[in-house]
Amino acid sequence: MSMWNRKNSVAIQSYSAKAGKPEADENKRYIRKQNSYRSISRSSSIDSSASYSDSYSSDEDDVSPRERSQKNSSGGSDFCVKNIKLADFGRREIEIAEQEMPGLMLLRKRNCTDKPLEGAKIVGCTHVTAQAAVLIETLTALGAQVRWCACNIYSTQNEVAAALAEAGYPIFAWKGESEEDFWWCIEQCITADKWQPNMVLDDGGDATHLLYKKFNGTFNTLRGVVEESVTGVHRLYQLSKQGKLTVAAMNVNDSVTKTKFDNMYCCRESILDSLKRTTDVMFGGKQVLVCGYGEVGKGCCSALKGLGAVVYVAEIDPICGLQACMDGFRVVKIDMVVKNIDILITCTGNKHVVTRDHLDRMKNGCIVCNMGHSNTEIDVASLRTSDLTWEKVRTQVDHIIWPDGKRIVLLAEGRLVNLSCSSVPSFVVSITSTTQAIALIELFKAPPGRYKHDVYLLPKKMDEYVAMLHLPTFDGHLTELTEEQAKYLGVNKNGPFKPNYYRY
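Source: prediction; values computed, not measured.

Conventions adopted
- Residues numbered from 1 in each chain as written.
- Predicted model: local features only at pLDDT ≥ 70, side-chain atom pairs only at ≥ 80, totals over all residues.
- Heavy atoms only, no water.
- Helix = DSSP H or I, 4+ residues; strand = E, 2+ residues; numbered from the N terminus.
- Buried < 20%, exposed > 50% of the residue type's maximum accessible area, 1.4 Å probe, protein only.
- Contact = heavy atoms within 4.5 Å.
- Areas by Shrake-Rupley, 256 points an atom, 1.4 Å probe, with all protein chains shown as cover.
- pLDDT = per-residue confidence, 0-100.
- UniProt positions renumbered as here; feature names shortened; annotations may be inferred.
- Phe/Tyr/Trp six-rings, centres within 6.5 Å; stacked < 30°, edge-to-face > 60°.
- Pairing = 2+ DSSP bridges.
- Core = buried A, V, L, I, M, F, W, Y, C linked by side-chain atoms within 4.5 Å.
- Domains from an automatic or database assignment.
- Right-handed = clockwise from strand over helix to strand, strands pointing away.

A.B. asks: Please clarify how the overall build of the protein chain should be interpreted in this entry.
C.D. replies: Assigned secondary structure in the protein chain consists of 18 helices and 15 strands. The burial tally for the protein chain puts 56% of its 504 residues in the buried class. Within the protein chain, counting contacts between residues at least 6 apart in sequence, those at least 24 apart form 72% of the total. Carbon and sulfur atoms provide 50% of the accessible area of the protein chain, an area that totals close to 22400 Å².

Below, the structure is given as structure tokens:
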């Protein structure tokens, strides 16, 4: 049965504790079938033993993708990527990601015949990674047309962008875009011949912002916006409060499946990976200040504590501050510890959390990075002065050197460090991507009047559906309520099982 039928946009297939392993096995067979098809359809001239570097020349780094003329094997040129020759390596990465994204693949398999997104024209502005590629190909399998760009100038995997371009997707993204390139890429996704977008999938609110400011006519005709970051959601709520939001928007960031799994479990692993890859630092005994104790901060603190670091927390919210205390962390003001810390991590979504004054007072060798979406948390602009010297150490790693010889280590120029300097677990991204896909379908298929010009949370039933799609991976079997138990609790035996105000 399809999750969405033609009459109702929320006809979610019921599920039970018995739908465990068979679904997982069926999903694996589906993925193998897809991979087999790709292997057959791929050119036999491709040498599977070739390496990434064999197809890439460092000379091409000096030429902007906007200045190069590239075509895919079908003769298409509606894309702008670093090097189309990297497509085969990107495809292999996408296939690896598919294996670790079972929920999203299962959603694709269940709904590809019904095509609930047929007629949807989506502008996507997210991180362009192998996991995002699986989402893009899922949305098109469900009937959507897409044009895609990057929400971060450093997080794009060039080989994945090339693979998408080779497959015919209008993709405009490469690692190391300038600010001008960044906005140009978004504009290419909004404006094109015979293209009128009606949906937006955003991460950070930049595509939504450009549509609202520069293409207001198009913005007013949108069927919906789906946003997954703190920064982007904040912008939407501001527009709504001012009475300027003229479309329905879905706040995916605060859905349970996003906050609990992507924000906490993902960051718990990726913060360590980022710091290790870029600095080779040992965490035992290091003094670390984490600014912000939301779900991202909780994940970071948990990981660092587990490896023996002495962790401090800076917070503005008394509830989050009390949680940090109860979890065994000392809550401090930045000024109290800034002279002694070895590592500083921001994850607040705010502006100028770390100022030039703080940076001036740090000790030699302090590592500074950001895990929040926005690049404004660390006042990096204040470091671009004549009295300081910037010294590039390696990709995404800079020494900032003071006149007295003191230096700090700045990662990714203050941008999102885990997506700029490492990778993130595909399984967790599967949960978030499935949530995004379901939110798009819900807004697109909703009958007139269901959603006003406001910001909405994903219905609880759909959050539970996302989780259910991923349980078979762990051979998880849910217990079923009896009719008597369901009546006693006052819930439907098939869910939703918790009220909207419940805190997980």
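A.B. asks: Would you take a moment to explain the confidence of the model for the protein chain for this structure?
C.D. replies: Where the model shows low pLDDT, its predicted coordinates should not be examined in detail. Mean pLDDT over the protein chain: 89, with 88% of residues reaching 70 or higher. Within the model, pLDDT remains below 50 along residues 36–49, and this stretch shows twelve contacts once partners closer than five positions in the same chain are excluded.

A.B. asks: Hey, could you run me through the UniProt feature "binding site: substrate" (unreviewed entry) in the protein chain in this one?
C.D. replies: Mapped onto this numbering, the UniProt entry annotates "binding site: substrate" (unreviewed entry) at Thr129, Asp203, Glu228, Lys258 and Asp262. Mapped onto the elements of the fold, Asp203 is located in the loop between β4 (199–202) and α7 (206–214). Beyond its immediate chain neighbours, meaning those up to four positions away, Asp203 contacts Cys125, Thr126, His127, Cys151, Glu227, Glu228, Ser229 and His373. Of note, Glu228 is situated in the loop between β5 (224–227) and α9 (230–241). The buried category is assigned to Glu228, whose relative accessible area is 10%. Sequence-distant contacts of Glu228, defined by excluding residues within four places in its chain, comprise Asp202, Asp203, Val252, Asn253, Lys258, Asp262, Thr432 and Gln436.

A.B. asks: Could you clarify how one ought to interpret the packing of aromatic side chains in this entry?
C.D. replies: For any two aromatic rings, the description comes down to two numbers: the centre-to-centre distance and the angle of the planes. Tallied over the entire structure, the rule returns eight aromatic pairs. Ring centres of Phe172 and Trp184 lie 6.2 Å apart, and the angle between their planes is 80°; this geometry places the pair in the edge-to-face category. Of this pair, Phe172 sits in strand β3 (residues 171–172) while Trp184 sits in helix α6 (residues 179–190), and the two are twelve residues apart along the sequence. Residue Phe172 is classed as buried on the basis of its relative accessible area, which comes to 4%. Given the relative accessible area of 25%, Trp184 is considered partly exposed.

A.B. asks: Before we go on, may I ask you to explain the sheet that holds strand β12 (residues 389–394) in this structure?
C.D. replies: What holds strands together in a sheet is hydrogen bonding between their backbones, with the strands either parallel or antiparallel. One open sheet holds the eight strands; their spatial order is β9-β8-β7-β10-β11-β14-β13-β12, and the pairing between them is mixed. Of all the strands in the sheet, the pair left with one neighbour each is β9 (330–331) and β12.

A.B. asks: Is there a simple way to think about the nonpolar core in this case?
C.D. replies: Considering soluble globular proteins, one finds that nonpolar side chains tend to be buried as a cluster. One finds Leu117, Ile122, Leu139, Trp148, Ile171, Val226 and Met250 to be the most contacted residues of the largest nonpolar core, which totals 62 residues. For this core, the leading source of residues is helix α16 (residues 426–445), giving eleven residues. In terms of domain composition, this core takes at least three residues from each of domain 1 (65–254 + 446–467) and domain 2 (264–421). Those residues in contact with Met250, other than ones at most four positions away along the chain, are Val225, Val226, Glu227, Ala439, Glu442, Leu443, Tyr451, Tyr456, Leu457 and Leu458.

A.B. asks: I keep staring at unusual backbone geometry and nothing clicks. Help me out?
C.D. replies: Peptide bonds are, in most cases, trans, and in most cases residues other than glycine have a negative phi. Here the bond from Gly495 into Pro496 is cis, since omega is 0°, no more than 30 degrees from zero. Tracing the backbone shows Pro496 in the segment after α18 (483–489). Within the chain, Gln396 stands out as a residue other than glycine whose phi angle is a positive 70°. In this structure, Gln396 sits in the loop between β12 and β13 (397–401). Assessed through its relative accessible area of 7%, Gln396 is described here as buried.

A.B. asks: How should I be thinking about helix α17 (residues 460–470) in this particular structure?
C.D. replies: Side chains three or four residues apart in an α-helix point the same way, a direct result of the helix having 3.6 residues per turn. In terms of burial, α17 is largely enclosed, as ten of its eleven residues are buried. Residues of α17 that are buried include every one of Lys460, Lys461, Met462, Asp463, Glu464, Tyr465, Val466, Met468, Leu469 and His470, and no others. The secondary structure elements touched by the buried residues of α17 are α3 (102–111), α10 (256–279) and α16.

A.B. asks: What am I meant to see in the pairing of strand β11 (residues 367–370) here?
C.D. replies: Consecutive side chains along a regular strand alternate between the two faces of the sheet. Burial along β11 is two-sided: the face carrying Ile367 and Cys369 and the face carrying Val368 and Asn370 are both buried. Examined bridge by bridge, strand β10 (residues 343–346) and β11 share four bridges and lie parallel to one another. Of the residues in β11, the one forming a bridge with Thr346 is Asn370. Judged from the two bridges that link them, β11 and strand β14 (residues 407–411) form a sheet pairing that is parallel. Within β14, the residue paired with Ile367 across the bridge is Val409.

A.B. asks: Even after reading the chapter, I still don't get the pairing of β5, so can you show me in this structure?
C.D. replies: On β5, burial covers both faces: Gly224 and Val226 on one face and Val225 and Glu227 on the other are all buried. Bridging between β4 and β5 involves four bridges; their strand directions are parallel. Across the sheet, the residue bridging to Met199 is Gly224, located in β5. In this sheet, strand β6 (residues 249–251) lies alongside β5 in parallel orientation, the contact comprising three bridges. For Glu227, the partnering residue across the bridge sits in β6 and is Asn251. Traced from β5 through α9 to β6, the parallel crossover comes out right-handed.

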